[in-house]
Amino acid sequence: MKVRDIMTDTIVTVGQLEPVSAAARLMKRHNLGVLPVCDDTGRLRGVITDRDIVTRCVAGDLTPEDTPVREIMSRGIATCRAD
């Protein structure tokens, strides 16, 4: 089995400067637990998970409306090709 056999073609991303609340709304709307985080050029910079939002933002007493995604996203991600 290859990655392409189980991956989705539709990708929902969030900008690293968007507020955490925007990421949470996208996750809710698309029933996702993780979003790729991209910079202004579309380059992948990290991911934000529902766990990141809870543990780093909410439990860290940060305001989701005022906290940019880049402050709580997970970095050092690994990628792979579809084949």
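Residues numbered from 1 in each chain as written. Predicted model: local features only at pLDDT ≥ 70, side-chain atom pairs only at ≥ 80, totals over all residues. Heavy atoms only, no water.

Chemist: Which residues make up helix 2 (residues 20-30), and what are the values?
Modeler: Within helix 2, burial applies to V20, S21, A22, A23, L26 and M27. Considering only its buried residues, helix 2 is in contact with strand 1 (14-15), strand 2 (34-38), strand 3 (44-49) and helix 3 (50-58). (Buried < 20%, exposed > 50% of the residue type's maximum accessible area, 1.4 Å probe, protein only. Helix = DSSP H or I, 4+ residues; strand = E, 2+ residues; numbered from the N terminus. Contact = heavy atoms within 4.5 Å.)

Chemist: So what's going on with the nonpolar core? Residues and values would help.
Modeler: Formed by 14 residues in total, the largest nonpolar core has its most connected members in V14, L35, I48 and V69. Looking at this core, the elements with two or more residues in it are helix 2, strand 2 and helix 3. Those residues in contact with L35 that lie beyond four places of it in its chain are V12, V14, A23, L26, M27, G46, V47 and I48. (Core = buried A, V, L, I, M, F, W, Y, C linked by side-chain atoms within 4.5 Å.)

Chemist: Describe in detail the pairing of strand 3, supporting the description with residues and values.
Modeler: Where strand 2 and strand 3 come together, five bridges link them in antiparallel fashion. Looking at the pairing, L35 lines up with I48 of strand 3. If you look at the hairpin formed by strand 2 and strand 3, you'll find five residues sitting between the two strands, and G42 has a positive phi there, around 90 degrees. (Pairing = 2+ DSSP bridges.)

Chemist: How would you summarise the sheet that holds strand 2 if you had to cite specific residues and measurements?
Modeler: If you trace the three strands from one edge of the open sheet to the other, you get 1-2-3, paired in mixed fashion. Strands with a single pairing partner mark the edges of an open sheet, and in this sheet they are strand 1 and strand 3. Here strand 1 pairs with strand 2 via two bridges, running parallel. Within strand 2, the position partnered with G15 by the bridge is C38.

Structural measurements only, silent on function.
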